[in-house]
Amino acid sequence: MRRSRKKEVIRIFAALHKAHKILNQIGTSNVSEAKDVFTTCQNGAIQIGNEIEHWEGEGTQTVRLLEDYCETVYQCAVSQPMQRGADLYQTMEKSLLEAEDSFNREIPNDKLEVVFFPYQASMWDSFASVWKAASNDASCHVSVIPIPYFEKNPDGSFGQMHYEGDRFPADVPITPWETYQVAQQFPDLIFIHNPYDQNNFVTSVHPNYYASVLEKLTGNLVYIPYYLFVNNQVFENTLMTSASLYADYFIIQSKETCTKCIQIYDNFLKKNKLAGKLKQGKDKFLPLGSPFADSLHQQISIKDMPQSWQDIVSKHGGNPKIVMYNTHLTNLMCMKENNFFKKINAVFETFKSREDIILLWRPHPLTWQTIHSMNPQAAEKYQALVDSYQSEAWGIFDDSPRVNQSVILADAYYGDWSSLITMFHLLGKPALLQDLEIFDNIANPPEEIDFQTLVKESELGLKDYLSLINNHIPAQKETIEAGTSIWNYFKEKLENML
């Protein structure tokens, strides 16, 4: 039996003992109230029996003893007006204790049932190191179940469905989502990384896997964000999502960020009159680190990348630097696309002429879905830009599902505000935040730049940035295995549950 369900059975046993004490106090003074207690006792026993048969099948001694208990309750109810409360209490308590003792002896704990519900393969790195730690633990059964997601049409209705179960690393065993019945399995632990439920304008995971649904089907719903907080900055509009409200636990990358999250979350509850109705921030947010950071500490070279990437590097000869250019969704979700296209063309012109530096353009994985849903008039122009960039093959186009590989491979970051900036900082690599209003170099760049803070293009122009990164030596960062820490935390919590 699942530990969380066994805990619920133990709670019901405790409630039945309490009901017996109430019956002892009532005695023969209130027949109607005593009748309600008898009914409660029988219903509780039936609930325990159903739970046992769901997990263990029919024919257990415990269920037979629970049936005997129900018969005892019935006989006591029939004879209640003629018996003292103490006699009823002792008779029912003896029968219940026999069933409870049998339950403790007969019903073992199952292996811990642990499920990961990713949806986009490109976000798997927010789970990978936790999954690895759990998979190496013989005391649990682990399933990775990629779930389908839908593009949203401009009117908010569901459009095309996507399923990326075939895009995950080869060493990750995949369970088809159609074959796993969450309600029947009732996992001890579910990990999710989609925070929005129905509140995303661009995509939606299948409604069966909304956090508001899953929290009722598991003992512990754990949300690990697929992003990192940049420079430990936390904003209410990105923090307060469905996952924040419905998940039992929210994994945070650092203590400093966790403190800010707790403050914003608790203020939100107070402002919306939810304080006391939902779990407090200190009990929800856990500063256990980010699995994303774990994914960065591996050896990757250009030889590990697609042949088309290797060919572009070979054209540049020597050992060129690689700059990841990350474009996000915000500027395409509104009428800023003119600036977006003007800016990106200016960036392309800057890199085209460089022999010593290669541009690795990585648009946000949901760029096409975003344009289609939020700004369809820009879709054709955007696709033409992508086609031209790929056909000219002077730079690398990255639409691969493993962003961590590109972060490790690249020497520097340039682009929009993104948690990728934090990933570059973790590796001691420089990052420059682009400005859509700046299309050329600034006049007076500073003499010294601290690349471990967020540098903006208004402070350092792109051309000066490219000159500086040729001589930049990444600072070595301390490595901490967050995935192991996260798994050990929940493993200990579950083992101590009973």
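Before any of the text, the structure's been laid out above.
Notes on the structure in this doc start here. Computed from a predicted structure; not experimentally measured. Each residue is numbered by its place in its chain's sequence as written, counting from 1. Residues qualify for local features only when their pLDDT is at least 70, as the model is predicted, and side-chain atom pairs are given and counted only at 80 or more; totals for whole chains, interfaces and linings, by contrast, use all residues. For side-chain calculations, the full set of non-hydrogen atoms in the structure is used, while hydrogens and water are omitted.

1. Some points on the overall build of the protein
Part 1: What counts as a helix is a DSSP run of H or I of at least four residues, what counts as a strand is a run of E of at least two, and both are numbered from the N terminus. Within the protein, the regular secondary structure consists of 20 helices and 15 strands.
Part 2: Reported as C-alpha extents along the three principal axes, the dimensions of the protein are approximately 100 × 45 × 45 Å.
Part 3: Throughout this description, buried means an accessible area under 20% of the type-specific maximum (1.4 Å probe, protein chains only), exposed means over 50%, and partly exposed covers the range between. Per-residue burial for the protein yields a buried fraction of 53% across its 498 residues.
Part 4: Only the protein chains shown count as covering a residue, and every accessible area follows the Shrake-Rupley method with a 1.4 Å probe. When the accessible surface of the protein is split by element, carbon and sulfur atoms take 49% of a total near 23100 Å².
Part 5: Positive charges are assigned to Lys and Arg, negative charges to Asp and Glu, while His and the chain termini are left out of the count. All charge positions are set by atom: Lys at NZ, Arg at CZ, Asp at CG, Glu at CD. Positive and negative side-chain charges of the protein, numbering 44 and 61 respectively, have mean locations separated by a distance of 5 Å.

2. Some remarks on helix 5 (residues 128–135)
Part 1: Where burial is concerned, most of helix 5 is hidden: six out of the eight residues are buried.
Part 2: Among the residues making up helix 5, those that are buried are A128, S129, V130, W131, A133 and A134.

3. So, the pairing of strand 13 (residues 412–415)
Part 1: Of the two faces of strand 13, the one holding A412 and Y414 and the one holding Y413 and G415 are both buried throughout.
Part 2: For two strands to be treated as a pair, DSSP must find no fewer than two bridges joining them. Of the pairings in the sheet, the one linking strand 10 (residues 321–327) to strand 13 comprises four bridges and is parallel in character. By the bridge assignment for strand 13, Y325 is matched with Y414.
Part 3: Here strand 13 pairs with strand 14 (residues 431–433) via three bridges, running parallel. Within the sheet, the bridge partner assigned to G415 lies in strand 14 and is L433.
Part 4: The crossover handedness rule: strands pointing away from the viewer, path from first strand over the helix to second strand clockwise, crossover right-handed. Taking the sense of rotation as the criterion, the β-α-β connection linking strand 13, helix 18 (residues 420–426) and strand 14 turns out right-handed.

4. Description of the sheet that holds strand 6 (residues 203–205)
Part 1: The sheet built from three strands is open, its strands ordered 4-3-6 with antiparallel pairing. With one partner strand each, in any of the chains shown, strand 4 (158–162) and strand 6 form the two edges of the open sheet. The mean angle between the axes of side-by-side strands here comes to 30°, regardless of whether they run parallel or antiparallel.
Part 2: By the bridge criterion, three bridges tie strand 3 (residues 149–152) to strand 4 in an arrangement that is antiparallel. When the sheet's bridge partners are listed, F150 is paired in strand 4 with M161.
Part 3: Contact definition: two residues touch when any of their heavy atoms are within 4.5 Å. As a rule, the C-alpha atoms of each element are fitted with a line to give its axis, helices using only the stretch in contact, and angles between N-to-C directions run from 0 to 180 degrees. Along the sheet, helix 15 (residues 367–374) makes contact with strand 3, strand 4 and strand 6, crossing strand 3 at roughly 40°.

5. Some remarks on the nonpolar core
Part 1: Each nonpolar core is a collection of buried residues, namely Ala, Val, Leu, Ile, Met, Phe, Trp, Tyr and Cys, held together in the definition by side-chain atoms within 4.5 Å. Membership of the largest hydrophobic core comes to 64 residues, with the highest contact counts inside it found for F117, I192, L239, M324 and V407.
Part 2: Broken down by element, this core gets its largest block of residues, six residues, from helix 10 (residues 255–271).
Part 3: With residues near it in sequence (within four places) discarded, L239 still touches F229, V234, S244, F250, C261, I264, Y265 and F285.
Part 4: Ranked by size, the runner-up nonpolar core spans 31 residues in total, among them V347, L385, Y389 and L460.

6. Digging into the sheet that holds strand 7 (residues 221–223)
Part 1: The six strands are arranged 2-1-5-7-8-9 in an open sheet whose pairing can be described as parallel. Edge positions in the sheet fall to strand 2 (140–144) and strand 9 (285–286), since each of these pairs with one other strand and no more.
Part 2: In this sheet, strand 5 (residues 189–192) lies alongside strand 1 (residues 112–117) in parallel orientation, the contact comprising four bridges. Note that in strand 5 the partner of F116 across the bridge is F191.

7. With respect to the packing of helix 1 (residues 3–26) against helix 2 (residues 31–56)
Part 1: Interaxial distance between helix 1 and helix 2 falls to 10 Å at its minimum, and their mutual angle equals 160°. Of the possible angle classes, the one that applies to helix 1 and helix 2 is roughly antiparallel. Here the hand of the crossing between helix 1 and helix 2 comes out left-handed. Facing R5, E8, V9, I12, F13, L16, A19, H20, I22, L23 and I26 of helix 1, the residues of helix 2 in contact are E33, A34, V37, F38, T40, C41, G44, A45, Q47, I48, E51 and W55.
Part 2: Note on residue classes: Ala, Val, Leu, Ile, Met, Phe, Trp, Tyr, Cys and Pro are nonpolar, Asp, Glu, Lys and Arg are charged, and everything else, Gly too, is polar. Of the residues assigned to the contact of helix 1 with helix 2, the class counts are 15 nonpolar, four polar and four charged. Throughout, the term roughly parallel applies to angles under 35 degrees, roughly antiparallel to angles over 145, roughly perpendicular to angles from 65 to 115, and oblique to all others. Should the near helix be turned anticlockwise from the far one by less than a right angle, the crossing is termed left-handed; should it be turned clockwise, right-handed.

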